[in-house]
Every structure is written in C-alpha cells, then in structure tokens.
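What the coordinates show
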Amino acid sequence: MRIVALAGGIGGARFLRGLKDVVAPGDEITVIGNTGDDIHLFGLKVCPDLDTVMYTLGGGIHEEQGWGRAGESFAVKAELAAYGVGPSWFGLGDKDFATHIVRTQMLAAGYPLSAVTEALCHRWQPGVRLLPMSDDRVETHVRITDEQGSRAVHFQEYWVRLHAELPAEAIVPVGADTAKPGPGVLEAIAAADVILFPPSNPVVSIGTILAVPGIRAAVAAAPAPVVGLSPIIGGAPVRGMADKVLAAVGVEATAAAVALHYGPELLDGWLVDPADADAVDRVTAGGIACRAVPLLMTDPAATAAMARAALELAEQVRG
Ligand SMILES: O=c1nc2n(C[C@H](O)[C@H](O)[C@H](O)CO)c3cc(O)ccc3cc-2c(=O)[nH]1
C-alpha cells in the first residue's frame, strides 16, 4: 500500500512514528513536508519541519522538545552571542548546525532542496520518503500589531520569540503563490492508496503545503481516500498555539471547525478524540465521515492505535 502524509513538525512527526509501527512490510510511506517554517540564520538555511520529521523518524530527535537533536550542546550559539551576532532567541545546537551547514553547502552547489533532503535522509534512514512540498523558497510570515505598529514578522519569530502572544492578524506564506510542487509530490498524491493529514497545524503546516499551487487540487482529485486527525482535543490545541493561527483565518479552535475548514472536497474522513464526540454529527453533516477515537499521542502504542484507526477509516470511506 502507498501511503502519503502531509506533515508539519512535532505532531506530524510523532504521528508518523506510530504509522510506521502499523504498516505492513512493503507498504511505502511518502511524507510531503512543510517548508514554510524555514528560516535563514547566520547564512544557513534551517528547515525545522523537515528536520523534525527526519530526526524523529531517524532516532535523533530531542524527545521532550520534539525539535532539535538529543544530547545537544550550544557552544556555537554561545560564541555567536559573544560576538553580539543574533538572533539569540532561536536555539540552534552544535549538532543541529552540522545539518544546516551541509544543507546550505549543497544548496550553494546547486542541488535543489529535494536532493539535499534525500542526501540528509540517507544518513538518518527515517524509513519514509521525505519530499519537501516545494524546492522553491516559501516562508510563512505573520502580521501583528504592537507598540511598533503593524508589521509582518517571520513565523519563527512570532512562534518562538513572541510565543504567539499577540493576535495573528494574517498568516502569509510568502512565495507560495509562485512556488511549484517539489519533484515527486503530485505523482505521489496521484498514486497514493491512502492520503493522511496528521495532527499537524492546519494553518501553518498542512495549510501551507496546500497553498502551493497544484497540491490542494491534486489531493482533491486523488482517487485515494483522504483521512485527517484532529489537532484539537477538548477544544484546545494539544501543543503549540494552533488556536492563535486558526483565529487568523477565522476558524474556531474546535475539532469540527478544523475538519470543515479543510472541507469535504479534501477530506473523506476525520478522527476526533472522545472529548470532542459532540463534533461527530456536525462533521458527518458536513459530508465527512467521522469517528471518535483516543487521539492523545501519550506513548507509541497510543500513536499506533491512532494510525491504525485512520487507516481503518480510510478503508471504510474508500468509494
Ligand atoms: O520553541 C522553540 N522552538 C524551536 N524550534 C521548533 C520550531 O519553531 C518548530 O518546530 C516549528 O517551526 C513549528 O512546527 C526549532 C526547530 C529547529 O529545527 C531548530 C531550532 C529550533 C529552536 C526552537 C526554539 O529555540 N524554541
């Protein structure tokens, strides 16, 4: 079976680890990774969501954080600060720097991001094919208003330095409108037997992937059933600040609202947590099959059960 998942960072990567546990030998998992979180720092290109998937599935992730490497040190970061070279609010560790140096070196040599990602994954062996949503530069910016007035800040500054405390007035994936789907992306979607939307951020992760011209239409037209898992449990995001960016696009932070935001032209099935069982009728009425199953990824067994439930729902809705 060919499974395609559109994934962002921490939630998506953790879900994929459970998916790997439940697929049969010979099944192929292709991950279309969000690159809108990418940021250029110290002359290096950092790809947080691609790296989180690669490190999580490759066994190098800092488990509690869900980003960056396990067993990190921050000597380079301290030296940069000693030179007064910022920003200091983004925690790049010494091991992580090597990834960004290799990536930037390969990009400078003319390799596209997709080839760079393949090369990095050759070391990490994540057990999935990780495709950037695009080889073109897309960077999500957030419009905010504070004492300096109204301005756009890079998503990472909004998320990490500002802790998403200010309302996000608009979310702009800069470059998305002229970006092309990365190599293999549309082909993987068309050839998929199942397409999954893991519990990633529906706006800045999966929404950004769908903003690349051609990808949303490809998912909508795909013969495969599309099943998503709610990132909202009990009316609140499990982690991160998804409610802040949902508000920016006028979507309430509920399990039902996110499903209807994707819409029945994209989704065939949607899983909600039992805490949101009241959403089942609303989602079903919206033309999307809906089931309530435990969605808290408390441990590998729980995550595997979620992945199994998603694949089962896909078979039930397969038209
Ligand atoms: O909250 C934080 N998130 C950090 N993240 C997480 C990042 O902001 C998120 O993973 C995504 O961009 C949101 O999904 C990093 C991710 C990387 O790949 C590399 C470095 C960082 C550093 C931080 C950090 O200092 N604080």
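Residues numbered from 1 in each chain as written. Predicted model: local features only at pLDDT ≥ 70, side-chain atom pairs only at ≥ 80, totals over all residues. Heavy atoms only, no water.

Observations regarding helix α2 (residues 48-58)
Test applied: When accessible area is computed with a 1.4 Å probe and restricted to protein chains, residues below 20% of their type maximum are described as buried, those above 50% as exposed, and intermediate ones as partly exposed. We count a stretch as a helix when DSSP gives it H or I for four or more residues in a row; a strand needs E for two or more, and each element gets its number in order from the N terminus.
Here α2 lies mainly inside the structure; 10 of its 11 residues are buried. Within α2 the residues assigned to the buried category are Pro-48, Asp-49, Leu-50, Asp-51, Thr-52, Val-53, Met-54, Tyr-55, Thr-56 and Leu-57. Directly after α2, the chain includes Gly-59, whose backbone phi takes a positive value near 85 degrees.

Things to note about the nonpolar core
Our working rule: Throughout this description, the term nonpolar core refers to a set of buried Ala, Val, Leu, Ile, Met, Phe, Trp, Tyr and Cys residues connected via side-chain atoms within 4.5 Å. Here the bounds of each domain stem from an automatic or database domain assignment. Two residues qualify as a contact provided that any one of their heavy atoms is within 4.5 Å of a heavy atom in the partner residue.
In this structure, Ile-189, Ile-195, Phe-197 and Trp-270 are the most contacted members of the largest nonpolar core, which totals 55 residues. Sorting elements by how many residues they give to this core places helix α11 (residues 255-262) first, with six residues. Residue contributions to this core reach at least three from each of two domains, namely domain 1 (2-39 + 48-58 + 112-135 + 177-318) and domain 2 (139-170). Leaving out residues up to four positions away in the same chain, Ile-195 has contacts with Val-4, Leu-6, Ile-189, Ala-222, Ala-224, Pro-225, Val-226 and Val-227. Membership of the second largest hydrophobic core comes to 42 residues, among which are Ile-3, Ile-29, Val-53 and Ala-309.

A few points about the domain arrangement of the protein chain
The criterion, for reference: Defined here as a combined quantity, buried area equals the accessible surface (1.4 Å probe) lost by two parts on assembly, summed across both. In the sections that follow, a salt bridge refers to a side-chain nitrogen of Lys or Arg positioned within 4 Å of a carboxyl oxygen of Asp or Glu.
Here the protein chain is described as being made up of domain 1 (2-39 + 48-58 + 112-135 + 177-318) and domain 2 (139-170). Placing the centre of domain 1 and that of domain 2 at their C-alpha centroids yields a distance of 25 Å. Between domain 1 and domain 2, the residue contacts involve 14 residues of the former and 13 residues of the latter. Between domain 1 and domain 2, the buried area comes to about 1100 Å², and carbon and sulfur atoms account for 63% of it. The tally of links between domain 1 and domain 2 comes to zero salt bridges.

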